[in-house]
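Architecture at a glance
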Amino acid sequence: MAAASGFSTSMVALKSLHCNTSSSSSSSCQFRIICKPIIPKRRFNHRGASIVNPRCEAVSSESAGDKGGDSSSSRVSSSMSALEQLKASSADRYTKEKSSIVVLGLNIHTAPVEMREKLAIPEAEWPRAIGELCGLNHIEEAAVLSTCNRMEIYVVALSFHRGVREVTEWMAKRGIPAKDLASHLFLLRDGDATQHLFEVSAGLDSLVLGEGQILSQVKQVVKSGEGVTGFGRNISGLFKHAITVGKRVRTETNIAAGAVSVSSAAVELAVMKLPQHSSDSARMLVIGAGKMGKLVIKHLIAKGWGKVVVVNRSEERVAALREEMKDIEIIYRPLTEMFTSAAEADVVFTSTASETLLFSKENVEPLPPVGSMVGGSRLFIDISVPRNVGSCVSDVEHARVYNVDDLKEVVAANKEDRHRKAMEAQVIIAEESKQFGAWRDSLETVPTIKKLRALVDGIRITELERCFSKLGENLSKKEKKAIEDLSRGITNKLLHGPMQHLRCDGSDSRTLSDTLENMHALNRMFSLETDASVLGQKVRAKVEQSRKETQ
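Predicted model, so just to flag it, every value in this text is computed and none were measured.

A few points about the overall build of the protein
- Secondary structure summary: the protein contains 20 helices and twelve strands in total.
- Residues counted as buried form 44% of the 551 residues belonging to the protein.
- Across the protein, the fraction of contacts at a sequence separation of at least 24, relative to all contacts at a separation of at least 6, is 72%.
- If you sum the accessible surface of the protein, you get close to 29400 Å²; carbon and sulfur atoms cover 53% of it.

In structure tokens, the structure reads:
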């Protein structure tokens with residue numbers, strides 16, 4: 001899928017995150033850098049457009065000064081005011097900011113294989129990487145998805161900008177400077193990050209549309225993260241939901257069915273042309289053991305063939321294929337035995353770089369006919385350019401020839417069908433993304449529920465102790481228990497209504513909106529919001545822990 005537009009937007013955010021002040025003795029005018037977050041009013045569908053992009057404004061120290069006078073008192077007053085505003089804005093950020101789900105990484109669309117190789121993290125090291133990432137001051141949860149086509153870091157950031165900067169620096173330590181990473185990294189936040197992972201799991205972001213291996217790799221992320229501190233509720237829930245999306249897309253759209261390349265189309269064509277009852281018993285010959293020939297064999301395995309003859313100039317490549325693919329018997333024949341091998345085959349695939357024809361009418365006419373069980377005609381499927389099989393072979397009575405041009409129609413029809421299925425998949429992904437977002441929003445009520453219950457229970461216990469003090473020590477255990485039960489029953493009944501209005505499974509957006517509104521109302525009425533938010537407390541705890549570890 002096209003992703004360039006979104007990635008370029010993401011890079012603006014990444015590069016802006018590293019803005020800092022610098023001074024030069026040769027400069028006649030110093031500048032102060034003010035970074036203001038621009039919050040987009042709506043979310044666009046294209047990748048990365050919903051990222052909060054910091055805007056940096058350079059303000060001249062001359063224009064920043066007093067316009068009317070230059071008294072020291074006014075400058076001090078201005079400086080103190082700015083300092084207080086900075087403190088207030090910092091506290092306000094942690095009080096109001098919601099933790100973000102962020103994905104930061106690179107893949108086959110944005111970075112060359114050389115760079116992906118340097119940043120790749122073996123599966124066995126995923127838990128360690130999660131621990132390192134969650135050791136960063138502003139990262140609470142993390143997961144790693146590292147494959148041959150992508151290396152993506154998913155995190156829950158307590159502060160979006162600080163968290164992104166920390167993860168970028170962490171990645172840079174693996175051997176690629178941050179400035180070199182900047183032009184290859186992509187950055188997505190919250191809804192866009194969710195949609196991206198769902199598209200990955202569904203096979204929409206793969207080099208081959210609908211490929212199934214990536215879903216297994218997403219499953220492995222969950223398996224590797226089980227029991228690992230840092231693979232928390234948000235990230236775990238995201239990946240588990242992604243698995244559900246991947247399965248649903250493949251079930252409801254059948255996006256993984258059919259051919260998507262010249263090699264797979266060639267095999268698909270052979271299956272179509274062979275009688276149904278012989279589709280897995282026909283004798284297969286592959287001429288050429290290069291990349292295309294290798295892919296043909298892989299697709300033959302997928303279609304159920306257990307034996308293939310391979311004609312090649314040297315045996316080394318065939319031996320390597322035999323070592324790699326254990327699910328099929330591969331028999332080697334040298335080029336000198338090519339016509340003998342063709343005489344024993346029902347289907348001949350050619351995929352060599354030969355600039356001269358391997359088969360002409362004169363070569364094919366002497367070959368014995370094939371049996372009626374396979375249709376009575378030998379199939380030559382030529383996927384080489386230049387062609388390996390002459391068009392004149394089609395004049396032979398019991399031979400049929402198909403070349404790349406004949407396959408294009410199959411591939412094009414398949415691609416069109418797949419893109420149609422991809423559009424269907426996007427409908428599913430949009431629906432599932434909305435459900436996941438609603439579920440995550442519903443988690444916001446959990447701290448309020450806990451704080452409200454703790455507040456009421458604290459009042460209950462205080463008043464209960466005061467009651468016991470007034471009644472003296474003559475109360476029996478049975479009487480004390482009855483009073484305790486009475487107090488607990490009263491508080492539970494009083495809390496029942498508020499608790500019911502705070503509980504929501506996130507399945508209904510209108511109910512969720514009402515629930516969040518009720519949550520904010522209860523926070524105000526019972527003063528449940530503290531000056532330092534939960535996020536701020538978590539950050540301070542992590543900073544303190546880091547300080548102790550470095551001492």
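After that view of the structure, there is still more to cover.
Let's talk about the nonpolar core
- By size, the foremost hydrophobic cluster in this structure holds 65 residues, and its most contacted members are Ile 153, Tyr 154, Val 167, Met 171, Leu 181 and Phe 239.
- Per element, the largest residue contribution to this core is seven residues, and it comes from helix α10 (residues 233-253).
- Each of domain 1 (100-252) and domain 3 (426-446 + 458-548) accounts for three or more of the residues forming this core.
- One finds Ile 297, Val 310, Met 325 and Phe 349 within the second-largest nonpolar core, a separate group that totals 30 residues.

With respect to the pairing of strand β4 (residues 139-146)
- With respect to burial, β4 is a largely interior element, seven of its eight residues being buried.
- The sheet contact formed by β4 and strand β5 (residues 150-157) spans seven bridges and is antiparallel. Following the sheet pairing, Ile 139 is matched in β5 by Ala 157.

A few points about the sheet that holds strand β8 (residues 307-312)
- Here six strands make up an open sheet; going across it, the order is β9-β8-β7-β10-β11-β12 and the pairing parallel. Looking along the sheet, the strands with just one partner apiece sit at the ends: β9 (329-334) and β12 (399-402). Across this sheet, the average inter-strand angle for adjacent strands is 20°, counted without regard to direction.
- Here β8 runs beside β9; their pairing, made up of six bridges, is parallel. Paired with Val 310 across the bridge in β9 is Tyr 332.
- Running over the sheet, helix α12 (residues 291-302) touches β7 (284-287), β8, β9 and β10 (347-350) and is turned about 160° from β7.

Observations concerning α10
- Under the 1.5 Å per step criterion, the end-to-end length of α10 is 29 Å for 21 residues, consistent within 8% with the ideal 30 Å.
- Where burial is concerned, most of α10 is hidden: 15 out of the 21 residues are buried.
- Two residues or fewer past α10, Asn 254 is found with a positive phi of approximately 55°.

Describing the environment of Gln 195
- Locating Gln 195 in the fold gives a position in helix α8 (residues 191-202).
- For Gln 195, a relative accessible area of 24% corresponds to the partly exposed category.
- Residues Gln 195 and Phe 436, spaced 241 residues apart in sequence, show a C-alpha to C-alpha distance of 9.9 Å.

Some words on the packing of aromatic side chains
- Under the criterion given, the structure shown has five aromatic pairs.
- Their ring planes at 85° and their centres at 5.6 Å tell us that Phe 339 and Phe 359 sit as a pair that is edge-to-face. With Phe 339 in helix α14 (residues 338-343) and Phe 359 in the loop between β10 and α15 (361-364), this pair connects stretches of sequence that are 20 residues apart.
- Here Phe 339 falls in the partly exposed class, since its relative accessible area comes to 34%.
- Phe 359 sits in the buried class, given a relative accessible area of 0%.
- Among the aromatic residues, those joined into a ring-pair cluster are Tyr 154, Phe 231 and Phe 239.
- Lying across the ring of Phe 160, Arg 189 places its NZ or CZ 4.1 Å from the centre.

With respect to unusual backbone geometry
- Its identity is not glycine, yet Asp 190 carries a phi of approximately 50°, on the positive side.
- The partly exposed category is assigned to Asp 190, whose relative accessible area is 23%.

Examining the packing of α8 against α10
- Between α8 and α10, whose axes approach to 8 Å, the crossing angle comes to 45°. By the criterion of interaxial angle, the relationship of α8 to α10 is oblique. Crossing of α8 over α10 shows right-handed handedness. Contact residues: α8 offers Thr 194, Leu 197, Phe 198, Ser 201 and Ala 202, while α10 offers Leu 238, Phe 239, His 241, Ala 242, Ile 243, Val 245, Gly 246, Val 249 and Arg 250.
- Of the residues belonging to the contact of α8 with α10, the class tally is nine nonpolar, four polar and one charged.

Let's talk about a nonpolar patch on the surface
- A cluster of nonpolar residues, Leu 455, Ile 459, Met 525 and Phe 526, forms a patch on the protein surface that exposes about 380 Å² of accessible area.
- The residue Met 525 is located in helix α19 (residues 509-525) in this model.

Regarding the sheet that holds β4
- If you walk across this open sheet you meet the four strands as β4-β5-β3-β6, and the pairing is antiparallel. The sheet is open, and its two borders are formed by β4 and β6 (186-189), each paired with just one other strand. Strand after strand, the sheet turns through a mean of 15° between neighbouring axes, direction not considered.
- In this structure, strand β3 (residues 100-107) lies alongside β5, joined through eight bridges in antiparallel fashion. Bridge pairing in β5 places Val 103 opposite Tyr 154.

Digging into the pattern of salt bridges
- According to the stated counting rule, one finds 18 salt bridges in the structure shown.
- Between Asp 190 and Arg 189 there is a salt bridge, and its shortest N-O distance comes to 3.6 Å.
- One network of salt bridges, with partners in common, ties together Arg 248, Glu 252, Glu 431 and Glu 432.

Focus on the environment of Thr 491
- The topology assignment puts Thr 491 in helix α18 (residues 477-502).
- Taking relative accessible area as the criterion, Thr 491 reaches 12% and is therefore assigned buried.
- Between the alpha carbons of Thr 491 and Asp 457 there is a distance of 7.6 Å; along the sequence they are 34 residues apart.
- From its side chain, Thr 491 meets the backbone oxygen of Arg 488 in a polar contact 2.9 Å long.

Criteria and thresholds
- Residues numbered from 1 in each chain as written.
- Predicted model: local features only at pLDDT ≥ 70, side-chain atom pairs only at ≥ 80, totals over all residues.
- Heavy atoms only, no water.
- Helix = DSSP H or I, 4+ residues; strand = E, 2+ residues; numbered from the N terminus.
- Buried < 20%, exposed > 50% of the residue type's maximum accessible area, 1.4 Å probe, protein only.
- Contact = heavy atoms within 4.5 Å.
- Areas by Shrake-Rupley, 256 points an atom, 1.4 Å probe, with all protein chains shown as cover.
- Core = buried A, V, L, I, M, F, W, Y, C linked by side-chain atoms within 4.5 Å.
- Domains from an automatic or database assignment.
- Pairing = 2+ DSSP bridges.
- Axes fitted to C-alpha atoms, helices over the stretch in contact; angles between N-to-C directions.
- Expected span 1.5 Å × (residues − 1).
- Phe/Tyr/Trp six-rings, centres within 6.5 Å; stacked < 30°, edge-to-face > 60°.
- Lys NZ or Arg CZ within 6 Å of the ring centre and 35° of its normal.
- Parallel < 35°, antiparallel > 145°, perpendicular 65-115°, else oblique.
- Left-handed = near helix turned anticlockwise from the far one by under 90°.
- Nonpolar A, V, L, I, M, F, W, Y, C, P; charged D, E, K, R; others polar.
- Patch = residues over 30% accessible without salt bridge, like charges linked within 9 Å, V, L, I, M, F, W, Y side chains within 5 Å.
- Salt bridge = Lys/Arg side-chain N within 4 Å of Asp/Glu carboxyl O.
- Polar contact = N/O pair within 3.5 Å; in protein donor to acceptor, adjacent residues only side chain to side chain.

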